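Topology and contacts: notes
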Amino acid sequence: MLQSRFSQMILHKKKEQTAIKFLGNKLSYDWLQHCINRIAKEISMISCPAKQTAAIVLDRSPEMIAAIMAMLQMKITFVPIDPNFPKERIAWILQDAQVDFIVSQMKYKPFFAGIPSCFLDRPSTEETIDDYSQFAGNPLAYAAYTSGTSGNPKGVLVTRKGLANFIEGLAKRIHFEGLHRIACFTTVSFDIFFVESIAALFYGWEIVLASEEEKDNPRKMAKLLMEEKVEILQLTPSRLQLLYNYDSQLESLKSVKILMVGGETFPDSLLKCVKQKTNAKIYNMYGPTECTIWATVSELTDKEYPDIGKPLPNIGVWVVDDTLRPVPTGQIGELCLSGACLAAGYHNQEKRTAQSFCHLPENGMFVYRTGDFVRLLPSGDLEYVGRKDNQIKLHGYRIELEEIEHNLQDHPAIERAIALAEGTEDQKQIVLTYSRIKEKKVRDSELRLWLKNRIPDYMLPARYVEIQDYPFTPNGKVDRKALESLIEKKTAEGHESRAPACDHEQEIWDAIQSVRNQSYGRPPAETTLMELGIDSLSFIRIAVRLEETLGFEFEDRMLDYRLFETVRELSDYVSNQLKKCT
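Below is a summary of the structure that appears in this document. (Residues numbered from 1 in each chain as written. Predicted model: local features only at pLDDT ≥ 70, side-chain atom pairs only at ≥ 80, totals over all residues. Heavy atoms only, no water.)

Within the secondary structure, Val 156 sits in strand E8 (residues 154-159). When its relative accessible area of 0% is taken as the criterion, Val 156 is described as buried. As for Val 156 and Tyr 246, which are separated by 90 residues in sequence, their C-alpha atoms are 35 Å apart. In this view, Val 156 contacts Tyr 142, Ala 143, Ala 144, Thr 146, Thr 289, Glu 290, Ala 343, Gly 345 and Tyr 346; residues no more than four positions away in its chain are not counted. (Helix = DSSP H or I, 4+ residues; strand = E, 2+ residues; numbered from the N terminus. Buried < 20%, exposed > 50% of the residue type's maximum accessible area, 1.4 Å probe, protein only. Contact = heavy atoms within 4.5 Å.)

Below, the structure is given as structure tokens:
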């Protein structure tokens with residue numbers, strides 16, 4: 001069904017019409033179809049017993065999108081993997097997914113010892129496949145690996161039926177008529193990437209594919225949006241805030257007609273700013289991976305406060321209590337979703353699947369339990385209230401705090417670990433507390449490196465706090481409220497005032513404290529930015545403030561907090577830039 005619809009769409013396109021624009025190069029739909037057919041031929045020549053499941057491990061490129069489309073046309077279940085993930089995580093996903101082969105590049109060959117592979121940067125043939133009717137049906141489209149409570153990610157099995165329903169349903173709920181150019185900023189491992197790639201191609205749009213540098217740098221994001229006159233844009237609230245922190249007048253969104261925002265809570269204040277400074281229609285998108293990308297949509301253009309709206313076609317919503325029975329309109333309950341959107345469960349996790357996918361007792365409806373608390377409004381729209389567990393959303397990514405805890409507790413010096421989320425929606429960060437085995441010593445930098453080799457960067461805690469004696473409630477559970485107070489106390493004790501140790505350190509501390517809305521005193525200049533809770537969003541605000549205060553400009557490539565480990569390194573850079581200005 002997906003393959004035939006894409007082929008029909010291609011037939012109605014002019015061969016020279018642009019399908020993908022990347023790093024200034026325009027690639028036509030004719031080029032795309034040829035690339036898909038060539039990759040399909042490469043795959044057909046791989047020597048392996050079966051070709052049911054494949055991993056895609058490719059750098060961000062048009063060929064990555066073509067490889068995904070080839071898998072869909074060949075009816076092969078694919079597992080998209082970001083090559084920037086830690087090697088241990090990539091190895092675990094490959095083993096758990098039981099892939100039959102891998103599509104990748106030669107530089108990643110050491111990751112895949114013993115697994116049949118084809119490398120797109122070293123093609124073995126120029127032949128193509130033009131007839132896809134020979135390939136047997138496969139109900140699964142892809143397996144998306146998300147954070148899991150066990151210490152390892154879990155694979156959500158998304159169906160071709162669910163993907164087709166999403167592509168059709170989204171176009172019925174949002175009127176895209178007359179628009180054809182969408183930006184693609186999302187990483188391939190995050191399922192909303194498929195709105196900007198698979199869905200975009202099925203609609204016949206032009207994809208403006210951001211490079212690795214462009215997708216994470218707000219200055220380059222803004223430049224790309226303006227130069228390419230992007231009309232359709234999808235961002236998480238965090239990434240929209242990142243853009244706003246750099247471009248406070250949102251000049252970069254002048255050509256945007258449709259703005260889809262989702263993946264985490266949409267702050268009221270950010271919605272207000274966007275409404276004031278753009279003419280775009282604004283949509284709030286909601287949906288767990290288990291329900292195929294987005295499941296509900298709300299147009300917020302004329303609304304004062306964000307809600308998550310109504311379901312896409314062929315999706316049912318149910319608001320239930322702890323016994324899975326409906327609650328009255330206006331009361332808070334857990335949101336369950338039903339219909340064509342549902343995934344086939346979790347790969348190799350029957351118990352977890354049975355817990356999350358179940359039948360409602362009153363009507364027998366088969367649903368997915370989202371774990372999200374919502375309220376059904378009199379208008380029929382849904383209002384998001386919060387989570388019922390320790391899962392959080394950070395920069396759009398779904399994170400199970402238990403996965404971080406499990407990975408740190410594997411360290412030989414760690415006895416116990418408890419992760420907490422702190423801060424407001426627009427300044428949320430992860431704080432990881434730990435107690436060590438008494439006779440062993442360990443530094444925060446060592447723990448940070450330990451986790452960096454095991455979990456993606458977006459899951460890394462901002463701060464590490466040693467707690468040798470955890471507070472407990474009378475029933476023996478860790479008292480999280482008391483733990484939060486203990487963290488505040490230990491943080492304050494570690495931030496004693498002292499004289500500046502390097503040039504412009506005072507201005508930097510002023511900017512940090514203003515942006516973070518928190519008093520630090522003046523810790524050592526060797527304090528890391530991560531320890532201060534600085535992430536990509538707050539760093540841009542700090543950079544803008546320093547530029548305004550000191551009268552200089554950060555280089556494009558330096559608008560990345562990961563390039564400055566400590567306050568001293570940031571101070572040295574600022575000093576060097578100021579010298580260039582004199």
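Still more to cover.
Our next topic: the pairing of strand E7 (residues 140-146). Of all 7 residues in E7, 7 are buried, a share of seventy percent or more. One ladder, built from 6 bridges, connects E7 with E8; its direction is antiparallel. When the bridges of E8 are listed, Ala 144 appears paired with Val 156. (Pairing = 2+ DSSP bridges.)

With that settled, the discussion passes to the environment of Val 431. Relative to the elements of secondary structure, Val 431 occurs in strand E24 (residues 429-436). According to the relative accessible area criterion, Val 431 is buried, its value standing at 1%. If we ignore the near neighbours within four places in the chain, the residues touching Val 431 are Ile 418, Ala 419, Leu 420, Glu 422, Arg 463, Val 465 and Ile 487.

Quick look at helix H3 (residues 62-74) now. In this model H3 runs 18 Å from its N-terminal to its C-terminal C-alpha over 13 residues, within 8% of the 18 Å that 1.5 Å per residue would give. The buried fraction of H3 is high, at 12 of 13 residues. Of the positions making up H3, those classed as buried are Pro 62, Met 64, Ile 65, Ala 66, Ala 67, Ile 68, Met 69, Ala 70, Met 71, Leu 72, Gln 73 and Met 74. Remark: Lys 75 follows H3 within two positions and exhibits a positive phi of approximately 60 degrees. (Expected span 1.5 Å × (residues − 1).)

One open sheet holds the 3 strands; their spatial order is E23-E24-E25, and the pairing between them is mixed. With partners counted over all chains shown, the strands left at the sheet margins are strand E23 (414-422) and strand E25 (463-466), one partner each. Strand-to-strand twist in this sheet, taken as the mean axis angle between neighbours without regard to direction, amounts to 25 degrees. Alignment of E23 against E24, held across 8 bridges, turns out to be antiparallel. Looking at E24, one finds that Arg 416 is bridged to Ser 435. Its contacts with the sheet put helix H12 (residues 401-409) on E23 and E24, and the angle it makes with E23 is roughly 155 degrees. (Axes fitted to C-alpha atoms, helices over the stretch in contact; angles between N-to-C directions.)

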